[in-house]
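Residue-level listing of the chains:
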Amino acid sequence: MAYMGTILRINLTKSTITKESFPEDLAKLYIGGRGLATKMMVDEVDPGIDALSPDNKLFFATGPLTNTTAPTGGRYMVITKSPLTNLAASSNSGGFFGARMKKAGYDILVFEGKSEKPVYLYIDEETVELRDASHLWGKRVWETTDMLIEETGQKRASVACIGPAGETLSLMASIMNDKNRAAGRSGVGAVMGSKNLKAVVAWGTRKSPIVDDERMREIVKEKIAMLKAHGVTGQGLPTFGTKVLDNIINESGLYPTRNFQEAQFSGVASMSGEALVDKYLVKNSSCYSCPIGCGRVVELPNGMKGEGPEYETGWAFGPACGIEDLNAITEANLICNDLGFDTISAGVTISAAMELYEKGFIPDEDLGNGPKLNFGTTEALAWYLKVMASREGIGDLMTRGSYRLAEAYGHPELSMSVKKQELPAYDPRGVQGHGLGYATSNRGGCHVRSYLISPEILGVPEKLDPQAIDGKPQWVMTFQDLTAVIDSAGLCLFTSFALGVPDYAELLNAALGQNWSAAEILQIGERIWNLERKFNLDAGMDPAADTLPPRLLETPIEKGPNAGQVHRLQRCCRVL
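Parameters at a glance
Throughout this document, residue positions are counted from 1 along each chain, in the order its sequence is written. Note on the predicted model: pLDDT of at least 70 is required for a residue's local features to be given, and 80 or more for side-chain atom pairs to be given and counted; whole-chain, interface and lining totals, by contrast, use all residues. The basis for every side-chain value is the complete set of heavy atoms in the structure, and neither hydrogens nor water enter the calculation. Each salt bridge in this description consists of a side-chain nitrogen of Lys or Arg and a carboxyl oxygen of Asp or Glu lying within 4 Å of one another. For helices the rule is a DSSP run of H or I covering at least 4 residues; for strands it is a run of E covering at least 2, with both sets numbered from the N terminus onward. Accessible area is worked out with a 1.4 Å probe on protein chains only. A residue is then buried under 20% of its type maximum, exposed over 50%, and partly exposed in between. Any two strands are treated as partners once DSSP identifies two or more bridges connecting them. Under this scheme, a helix contributes an axis fitted over its contacting stretch, all axes are lines through C-alpha atoms, and angles between N-to-C directions fall in the 0 to 180 degree range. By the convention used here, residues are in contact when the closest approach between their heavy atoms is within 4.5 Å. Given the number of residues in a helix, its expected span is that number minus one, multiplied by 1.5 Å. Throughout, the protein atoms alone are placed on a 1 Å grid, and a set of points is a cavity if a 1.4 Å probe fits but cannot get out or a pocket if it is open with protein on both sides within 12 Å along at least five of seven lines; lining residues have an atom within 4 Å of a point. Grid points are joined across faces, edges and corners, and a volume is the space filled by probe spheres set on the points. Criterion for a disulfide: a pair of cysteine sulfur atoms within 2.5 Å.

**Student:** Which parts of the structure should I look at to understand the pattern of salt bridges?
**Tutor:** Working definition: two side chains of opposite charge can pair if their charged atoms are close together. The final tally for this structure, using the stated rule, is 35 salt bridges. The shortest N-O distance in the salt bridge between Glu 44 and Arg 9 comes to 2.9 Å. Highlighted residues: Glu 44 in helix H2 (residues 33-44) and Arg 9 in strand S1 (residues 6-11), separated in sequence by 35 residues. Overall, Glu 44 belongs to the partly exposed group, its relative accessible area being 30%. For Lys 223, the salt bridge is made with Asp 503, and the minimal N-O distance between the two is 2.7 Å. Here Lys 223 is found in helix H7 (residues 213-229), whereas its partner Asp 503 is found in helix H20 (residues 501-512), with 280 residues between them in sequence. For Asp 503, a relative accessible area of 11% gives the class buried.

**Student:** Even after reading the chapter, I still don't get the sheet that holds strand S14 (residues 295-299), so can you show me in this structure?
**Tutor:** Strand pairing within a sheet occurs via backbone hydrogen bonds; the two strands may be parallel or antiparallel. Strand order in the open sheet formed by three strands is S13-S14-S15, and the pairing between neighbours is antiparallel. Looking at strand neighbours, the two that pair on one side only are strand S13 (281-285) and strand S15 (305-307), the edges of this open sheet. Adjacent strand axes in the sheet meet at a mean angle of 20 degrees when their direction is disregarded. Of the strand pairs in this sheet, S14 and S15 are connected by three bridges, and their pairing is antiparallel. Opposite Val 297, over in S15, you have Glu 307 as the bridge partner. In this fold helix H12 (residues 326-339) packs onto S14 and S15, with an angle of close to 80 degrees to the strand it touches most, S15.

**Student:** Explain helix H4 (residues 141-152) to me, please; I cannot follow it from the model alone.
**Tutor:** The periodicity of an α-helix, 3.6 residues per turn, causes residues three or four positions apart to be oriented the same way. Taking 1.5 Å as the rise per residue, H4 with twelve residues should run 16 Å; its terminal C-alpha atoms sit 16 Å apart, in good agreement. Following H4 by one or two positions, Gly 153 has its phi on the positive side, about 75 degrees.

**Student:** Any chance you could explain the environment of Gln 474 here in plain terms?
**Tutor:** Structurally, Gln 474 is set in helix H19 (residues 472-489). Residue Gln 474 is classed as partly exposed on the basis of its relative accessible area of 37%. Sequence-wise, Gln 474 and Gly 433 are 41 residues apart; in three dimensions their C-alpha atoms are separated by 9.5 Å.

**Student:** I would appreciate a short explanation of the layout of surface pockets in the present structure.
**Tutor:** Think of a ball as big as a water molecule: rolled over the atoms, this probe shows where empty space is left. Looking at the second largest pocket, its volume works out to about 430 Å³. Along the wall of the second largest pocket there are 21 residues; nearest its centre are Phe 96, Asp 178, Lys 179, Asn 180 and Glu 307. In terms of residue count, the dominant contributor to the lining of the second largest pocket is H4 (four residues).

**Student:** Any chance you could explain the state of the cysteines here in plain terms?
**Tutor:** According to the stated counting rule, one finds zero disulfides in the structure shown. Looking at the unpaired Cys 446, the closest cysteine sulfur is the one in Cys 492, lying at 13 Å. Cys 446 sits in the buried class, given a relative accessible area of 2%.

**Student:** Explanation requested: the pairing of strand S12 (residues 197-202) in the structure shown.
**Tutor:** In regular strands, side chains alternate between the two faces of the sheet. Most of S12 sits inside the fold, with six of its six residues counted as buried. Relative to S12, strand S7 (residues 119-123) runs parallel, the two being bridged by five bridges. Its bridge partner lying in S12, Tyr 122 is registered against Val 201. Strand direction decides the pairing type here: strand S9 (residues 158-161) and S12, joined by four bridges, are antiparallel. Considered in S12, the bridge of Cys 161 is made with Ala 199.

**Student:** What is the right way to read the environment of Val 45 from this model?
**Tutor:** When you line up the elements, Val 45 lands in the loop between H2 and strand S3 (58-62). Residue Val 45 is classed as buried on the basis of its relative accessible area of 3%. The sequence separation of Val 45 and Thr 80 amounts to 35 residues, and the corresponding C-alpha distance is 8.9 Å. Residues contacting Val 45, with those up to four places away along its chain left out, are Asp 55, Asn 56, Lys 57 and Phe 535.

See below:
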């Protein structure tokens, strides 16, 4: 049935752990992962609570295809109420943690309440324990991971933990696993920190029970071949990682530059995916059961070594901040991984601070001993990331995100965010469908809830005119529903470049013994989306929040292929 059959519920207030049977009937309606954990959150969490109070719950959820041979079958989701948006949060991560959590025998971990002191959870096939983490509190991610691997004696265990950003309740704190993989967005690391939960260590060797092993082997072989044969998953991503997009998006005229004031960046060649390969790449890396291998292991001249930056990260610390120094960009990425920051929100918040500073809204005295916040100031990246983690000086405002920062200085319109979550690396004025996805996303500014860059720019599964409006709402809804299915199954969204809805139905049917049609799994995706939407509305979200920053609706792009364009959100909505 592909599920391990057990949910682990950890009450941190009482220091109790209970095992519950997996709800297979609900799984038929929500698959698992994002879908099932969202259903549990809706049933158990009052939408009106303070996200950083003990009343919030934190769900680590795998899907039925996590810990299987399905291509990219290593993903897990973190579900909670977001302190950044005050809406439903569902952050996805790869690496090996999701598979090892399932190998230990658990489909979902539910954390409730708040511990009196810092603790971590250790799980394997025989042991489930809350252990003291006082000696780990204040440590960064990489040191925490190394200490826990040594302390538990399990060299192949996976560690998911928070860094200083999560401990100080930064609203953009991530949960890091395997050192460099992140459940990155919506401040889920702050929720973990609010519970005094430093880490989860998972180890096991159990296999997920597949209903039709022979059929699963046939389907997996076929889908891997499709991924290998596709230009994006078989060539672009393995060769240059996600930063293969830098030149493509820049040439298309939708590469947000200097806090979305421009849409092309003249210094792209020096910080592109090609440049990363030439300068700092050591080798590729892959997540569990992944045939793509888009990860980048890098080493800088100063000896710093880790993974990344991804496309979004390189942009957030690069063009968004007017910086083309690849060394500084890569160092900022590694600092974020170690401190436990969402790189998109961190970089875009620094970008907003730079515009606020250059326009005279942030005075010099507010910078303390920090460098000037002019666009292009490379030393600003590392400095302000560190004070954001420690909440020193202006860092205390910046760590709350760009919206709250800009609002504090009287100009919230300079926050490039939706529902208080920072926008990613595509200017919606150049991609009307993708922009509609931004505006309607259930978790705020997000590119992976409806990645219409695929058809609008890359031509996958077919080429759409990026400035056309007719038909785009239907495309957005289909991508939203399919993404919910992929997240709930435990797979990586990158598989959708080569695979379609029927392919995911085949994988799920073989693993679970179901007979779902393509239309039926999309209906499940729609059910998940609507459930998130209901939670958001119950939490007090105004439907008028489904919009974009004024700049993107009112100020045309000045130069490049999309000169003169704004995002025509109201027209997109009228064609629904």
